[in-house]
Amino acid sequence: GKYTWTWDGYSNKNILDTRVLKNKGLKLQLKAKRGVLDIIDGLKFDNKAKEVDWVDVVIDRNKAKKQGTVHLRVNFDDAKPKGVNKLPRKNIRAKLNNPKNANKVYIEGRFVKWNTIAKNHKCRQKHKRVRSFQNLKDLGIAGIRKYWSRDIKTPKDGTCAVTTIATSTAAQSMDDITLRYNTNRKAGTSSYPGSVAGVYSLVVQPFVFD
């Protein structure tokens, strides 16, 4: 006769890992017994990502609240810094476009008039770069973990706590994420990265005022 088996991708330990599913050595092995004969047959899987190969997911459903981990491979690109060796611009001094803060700068937890700041104060000096490209990459990785992790609720499975972990690499990575050291200049707006073959990239501009 004919028999149908289904498999949801989870292991015997109730863990789904797409890295295992994409492993070239993964295959289905069927063992059957007919009388005194042992019949063993195998079936190889396609073993490749359906859409993109720069993300992997691990789901552990052993606990009441499922635990999910998303592994992203990201490639950071170093953009030309802005504001280094330059004085602060006026549009940086006027915070939040509030008229009462015109010609003021926010330092040490408060707004003060620009002309009351001592000329030898660090905020009136040409800015020197204080964070390396590696520092910016560390900020980017920490930001991805903080802002791209969340609890996801589904009608069928309830709540799953998802943690997103990024790894900096050029191999099998998503579209490049451009990091720009931006200080003493108007803060830019970040945008989402496009597809691997896309034109646009994520621009992250940590604003440093120190």
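The rules behind each value
- Residues numbered from 1 in each chain as written.
- Predicted model: local features only at pLDDT ≥ 70, side-chain atom pairs only at ≥ 80, totals over all residues.
- Heavy atoms only, no water.
- Helix = DSSP H or I, 4+ residues; strand = E, 2+ residues; numbered from the N terminus.
- Buried < 20%, exposed > 50% of the residue type's maximum accessible area, 1.4 Å probe, protein only.
- Contact = heavy atoms within 4.5 Å.
- Pairing = 2+ DSSP bridges.
- Axes fitted to C-alpha atoms, helices over the stretch in contact; angles between N-to-C directions.
- pLDDT = per-residue confidence, 0-100.
- Salt bridge = Lys/Arg side-chain N within 4 Å of Asp/Glu carboxyl O.
- Patch = residues over 30% accessible without salt bridge, like charges linked within 9 Å, V, L, I, M, F, W, Y side chains within 5 Å.
- Areas by Shrake-Rupley, 256 points an atom, 1.4 Å probe, with all protein chains shown as cover.
- Lys, Arg positive; Asp, Glu negative; His and termini not counted.
- Charge placed at Lys NZ, Arg CZ, Asp CG, Glu CD.
- Core = buried A, V, L, I, M, F, W, Y, C linked by side-chain atoms within 4.5 Å.

Participant: Quick question: what am I supposed to make of the environment of valine 70 here?
Facilitator: With respect to the helices and strands, the residue valine 70 is situated in strand β5 (residues 66–74). On the accessibility criterion, valine 70 (17% relative accessible area) is buried. With residues near it in sequence (within four places) discarded, valine 70 still touches Val55, Asp56, Val57, Val162, Thr163, Thr164 and Ile165.

Participant: Just checking my understanding: could you explain the pairing of strand β3 (residues 37–44) for this structure?
Facilitator: Residues in a regular strand project their side chains so that they alternate between the two faces of the sheet. Across the 8 residues that make up β3, only a small minority, 0, are buried. Pairing of strand β2 (residues 27–34) with β3, which is carried by 8 bridges, proceeds in the antiparallel orientation. Looking at β3, one finds that alanine 32 is bridged to isoleucine 39. Linking β2 back to β3 in an antiparallel pair, the connection comprises 2 residues, with glycine 35 at a positive phi of about 65 degrees.

Participant: What is the right way to look at the sheet that holds strand β10 (residues 158–168) in this model?
Facilitator: To summarise the sheet geometry, strands pair through backbone hydrogen bonds and adopt either a parallel or an antiparallel arrangement. The strand order across the open sheet built from 5 strands is β1-β4-β5-β10-β9, with neighbouring strands paired in mixed fashion. Of all the strands in the sheet, just β1 (15–17) and β9 (150–154) have a single pairing partner and so form its edges. Between one strand axis and the next, the sheet turns by 20 degrees as a mean value, whatever way the strands run. As defined by bridge partners, strand β4 (residues 55–60) adjoins β5 across 6 bridges and the pair is classed as antiparallel. Considered in β5, the bridge of valine 55 is made with leucine 72. Along the sheet face, helix α3 (residues 133–147) touches β5, β9 and β10 and points at about 170 degrees away from the line of β10.

Participant: I keep staring at the confidence of the model for the chain and nothing clicks. Help me out?
Facilitator: Do not read the predicted coordinates in detail wherever pLDDT is low. Summing up the model confidence of the chain, the mean pLDDT is 79 and the portion of residues at 70 or higher is 79%. Here residues 194–210 is modelled with pLDDT under 50, and outside its nearest four sequence neighbours on either side it reaches 63 contacts, counting other chains as well.

Participant: How should I be thinking about the pattern of salt bridges in this particular structure?
Facilitator: Pairs can form between side chains of opposite charge whenever their charged atoms are close. Per the stated rule, a full pass over the model turns up 6 salt bridges. Of the charged contacts in the structure, one is a salt bridge between arginine 19 and aspartate 17, with a shortest N-O distance of 3.1 Å. For arginine 19, a relative accessible area of 43% translates into the label partly exposed. You can call aspartate 17 buried: its relative accessible area is 16%. Between aspartate 56 and lysine 22 there is a salt bridge; the shortest N-O distance is 2.8 Å. Note that aspartate 56 is positioned in strand β4 and lysine 22 in the loop between α1 (18–21) and β2, a separation of 34 residues in sequence. A single burial state applies to aspartate 56 and to lysine 22, both of which are buried. Here the salt bridges do not stand alone but share partners, grouping Lys22, Asp53, Asp56 and Arg73 into one network.

Participant: Hey, could you run me through a positive patch on the surface in this one?
Facilitator: On the surface, Lys24, Lys27, Lys44 and Lys48 cluster together to form a positively charged patch. Checked against the element boundaries, lysine 27 lands in strand β2. Since its relative accessible area comes to 51%, lysine 27 is described here as exposed.

Participant: Quick question: what am I supposed to make of the nonpolar core here?
Facilitator: The nonpolar side chains of soluble globular proteins are, as a tendency, buried together. Counting 14 residues, the largest nonpolar core has Leu72, Val74, Phe76, Ile144, Ile177 and Leu179 as its most contacted members. Listed by contribution, the elements that provide at least two residues to this core are β5, α3, β10 and β11 (177–179). What isoleucine 144 contacts, discounting residues up to four positions off in sequence, is Leu72, Val74, Ser149, Thr164, Ala166 and Ile177. Formed by 6 residues, the second largest nonpolar core is a distinct cluster that contains Ile107, Val112, Trp114 and Ile117.

Participant: Hey, could you run me through unusual backbone geometry in this one?
Facilitator: Among all residues save glycine, negative phi is the norm, and among peptide bonds the norm is trans. Here the phi dihedral of asparagine 14 falls at roughly 65 degrees; this positive angle occurs in a residue that is not glycine. One can find asparagine 14 in the segment before β1. Its relative accessible area of 26% is what places asparagine 14 among the partly exposed residues. In the Ramachandran plot, asparagine 85 falls in the positive-phi region, its phi being about 65 degrees despite a non-glycine side chain. Residue class for asparagine 85 comes out exposed when judged on its relative accessible area of 53%.

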